[in-house]
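Now for the letters of each chain:
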Amino acid sequence: MSNETRKPIISGNWKMNHNHFEAIQSVQKLAYLLTKDDFAAVDVTIHPPFTDLRSVQTLIDADELKFILGAQHCHESDSGAFTGEVSAAFLAKLNVNYVIVGHSERREIFGETSELVQSKIVAIQKNKMTPIICVGETLAEREAGKTYDKVLGQLRSALEKRSHEQIKSMVIAYEPIWAIGTGKTATADDAQRVISAIREEIAKISSATVASSVRLQYGGSVKASNISEIMSQPDIDGVLVGGASLDSAEFARICQYRLRP
Ligand code: PEP
C-alpha cells in the first residue's frame, strides 16, 4: 500500500537515559540541526524520561520548536494510590501528545500483559493523546515460525473495543524484540512483510479506509545508515528509535533521511 498520503513519523525513545540537563542540551542541539523543511516533511516525536518532560515542554514552548512531546509509559488510572506511577491525565497537562505503550521492555521486564496494554491505550485516548503501540516477537518465537501469531495477536488485543476513529489516530510500531538494542535489524523486506500484514489485519478489524490511514512504524536498531532503505518500503511510515536517538547528530540524520539516496 502506498504511503504517499501518510506523513512520516520519527520517534526518539530515550528510555532511561539523559537527565533533565542533558535533555535540554540534546533538544537544543537537535533543534539547531533540523530545518523548517524537515518538520514539514516528518513529524518528530521525542520521548524523554518523566523527570525531563517539564523541562523539554518549557523549551519547546519558549522557543516555539516543532518537536512533538512524547512519553514512554503511563498508568491507566487518572489518579490514586499507585506509588511511583504517572497517569495519562498528568501527561496530557504537560502537553504530551504521544505515549509509547506496550514497549517490549515494559512487557518483558515489567510483566505488562496485553490486557494492561489495552487499558493504557484507553486511558491515553481518553486524555486525547496518541498511543504508539508496540508489538513484536522474540527470537525464539520468530525461529518457531510464530511471528505473525504473536504480532497480530498483540495487535488484535490492543485494538479491541476501539472505534474506527480511535484506531485511525493510533500509531503502531512493529519492533522485533531480537532487533532492539542489539545492532541487528530486520531486513527492510522482512519488516515490510510483517508491517503489511499488520495493515491487512487492521483492515479486517476496522476498515480498508482506516487501515490505509493508520501510521505504522518499524523499530529495532534503526540508524542513519539503514533508515533510507527502511523508509523506502511502501507500508512503513516511520521509525521508533532507541539508542540512536540519544545522539542528536545521528538522530538528525535519521530525521533527514529523505535528503539522501
Ligand atoms: C526501542 O527502544 O524502541 C528501540 C527500537 O531501540 P533501539 O533503536 O536501540 O533498537
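Residues numbered from 1 in each chain as written. Predicted model: local features only at pLDDT ≥ 70, side-chain atom pairs only at ≥ 80, totals over all residues. Heavy atoms only, no water.

### Things to note about the packing of helix α1 (residues 20-33) against helix α13 (residues 248-255)
Defined as follows: Lines fitted to C-alpha atoms define the axes here, with helix axes fitted over just the stretch in contact, and angles between the N-to-C directions of these axes take values from 0 to 180 degrees. Each helix is a run of H or I in the DSSP string that is no shorter than four residues. Each strand is a run of E no shorter than two, and both are numbered from the N terminus. Orientation is classified from the angle alone, with under 35 degrees giving roughly parallel, over 145 giving roughly antiparallel, 65 to 115 giving roughly perpendicular, and any other angle giving oblique. Each crossing gets its hand from how the near helix is turned against the far one by less than a right angle, where anticlockwise is left-handed and clockwise is right-handed. Pairs of residues are marked as contacts when any of their non-hydrogen atoms sit within 4.5 Å. Three categories are distinguished: nonpolar for Ala, Val, Leu, Ile, Met, Phe, Trp, Tyr, Cys and Pro, charged for Asp, Glu, Lys and Arg, and polar for the others, with Gly belonging to the last.
Contact geometry of α1 with α13 gives a least axis separation of 9 Å together with a crossing angle of 40°. Taken as axis vectors, α1 and α13 run oblique relative to one another. Helix-helix and strand crossings are classified by hand; for α1 and α13 the assignment is right-handed. On α13, the residues touching Ser-26, Lys-29, Leu-30 and Leu-33 of α1 are Ser-248, Ala-249, Phe-251 and Ala-252. Of the residues contributing to the contact of α1 with α13, the split by class is five nonpolar, two polar and one charged.

### With respect to the nonpolar core
Note the following rule: Nine residue types can take part in a nonpolar core, namely buried Ala, Val, Leu, Ile, Met, Phe, Trp, Tyr and Cys, and a core is a set of them joined through side-chain atoms within 4.5 Å. For every residue, the accessible area (1.4 Å probe, protein chains only) is compared with the maximum for its type, and the residue is labelled buried under 20%, exposed over 50%, or partly exposed between those bounds.
Grouped together as the largest cluster of nonpolar side chains are 67 residues, with contacts concentrated most on Phe-67, Ile-172, Ile-198, Ile-202, Tyr-218, Val-239 and Ile-254. Excluding its chain neighbours within four sequence positions, the residues that come into contact with Ile-198 are Val-135, Val-151, Leu-152, Leu-155, Ile-172, Tyr-174 and Leu-216. Among the nonpolar cores identified, the runner-up in size contains nine residues, and Ile-9, Ile-100, Cys-134 and Leu-240 belong to it.

### Here we look at the sheet that holds strand β8 (residues 238-241)
The strands making up a sheet associate through hydrogen bonds between their backbones, and the pairing can be parallel or antiparallel. Going by this rule: In short, DSSP must find at least two bridges between two strands for them to pair.
What the eight strands build is a closed barrel, ordered β1-β2-β3-β4-β5-β6-β7-β8; its pairing is parallel. With direction set aside, neighbouring strand axes in the sheet form an average angle of 25°. Here two bridges tie strand β2 (residues 43-47) to strand β3 (residues 68-71), and the two strands are oriented parallel to one another. Bridge pairing links Thr-45 to Ile-68 in β3.

### A few points about the pairing of β8
Neither face of β8 is open: one carries Gly-238 and Leu-240, the other Val-239 and Val-241, and all of them are buried. The pairing of strand β1 (residues 9-13) with β8 spans four bridges and is classified as parallel. Across the sheet, residue Ile-9 finds its bridge partner in β8, namely Gly-238. Across three bridges, the pairing between strand β7 (residues 215-219) and β8 is parallel. Bridge pairing links Tyr-218 to Val-239 in β8.

### Topic: the site of the ligand
Rules: We call a residue near a molecule or strand whenever a single non-hydrogen atom of that residue lies within 4 Å of it. Counted as a polar contact is a pair of N or O atoms within 3.5 Å, where, for protein atoms, one must be capable of donating a hydrogen and the other of accepting one, and residues adjacent in sequence contribute only when both atoms are in side chains. Accessible surface is estimated by sampling points in the Shrake-Rupley manner with a 1.4 Å probe; for residues, cover comes only from the protein chains shown. Cavities and pockets are defined on a 1 Å grid built over the protein atoms alone: a cavity is a set of grid points where a 1.4 Å probe fits but cannot escape, while a pocket is an open set with protein on both sides within 12 Å along at least five of seven lines, and lining residues are those with an atom within 4 Å of any such point. Whether a molecule lies in a cavity or pocket depends on its atoms, and more than half of them have to be within 2 Å of the grid points.
Among the 14 residues in the neighbourhood of the ligand, the closest are listed as Lys-15, Glu-175, Gly-181, Ser-221 and Gly-242. Within the side chain of Asn-13, a nitrogen or oxygen atom sits 3.3 Å from an oxygen atom of the ligand. Taking Glu-175, its side chain carries an N or O atom lying 2.7 Å from an oxygen atom of the ligand. Protein contact buries 96% of the 290 Å² of open area that the ligand shows by itself. Here the ligand occupies the second largest pocket.

### Observations concerning the pairing of strand β6 (residues 171-174)
On β6, burial covers both faces: Val-171 and Ala-173 on one face and Ile-172 and Tyr-174 on the other are all buried. For strand β5 (residues 130-135) and β6, the ladder comprises four bridges, and the chain directions are parallel. Bridged to Ile-133 within β6 is Ile-172.

### Section: the environment of Phe-39
Considering the arrangement of structural elements, one finds Phe-39 in helix α2 (residues 36-41). In this structure Phe-39 comes out as buried when scored by relative accessible area, which is 14%. Between the C-alpha atoms of Phe-39 and Gln-72, which are 33 residues apart in sequence, the distance is 22 Å. Not counting chain neighbours up to four residues away, the residues in contact with Phe-39 comprise Lys-7, Leu-34, Val-44, Lys-66 and Phe-67.

### Observations regarding the pattern of salt bridges
Selection rule: When a carboxyl oxygen of Asp or Glu lies within 4 Å of a side-chain nitrogen of Lys or Arg, that pair is called a salt bridge.
Applying the stated criterion to the full structure yields 17 salt bridges. Of the charged contacts in the structure, one is a salt bridge between Lys-150 and Glu-141, with a shortest N-O distance of 2.9 Å. Among the ionic pairs, Arg-193 bridges to Asp-190, the shortest N-O distance being 3.0 Å. On the criterion of helical spacing, the pair formed by Arg-193 and Asp-190 is a turn pair, its members being three residues apart in helix α10 (residues 188-205). Look at Asp-190 and you get partly exposed, because its relative accessible area is 21%. Several salt bridges share partner residues, and in doing so they unite Arg-6, Arg-199, Asp-235 and Asp-237 into one network.

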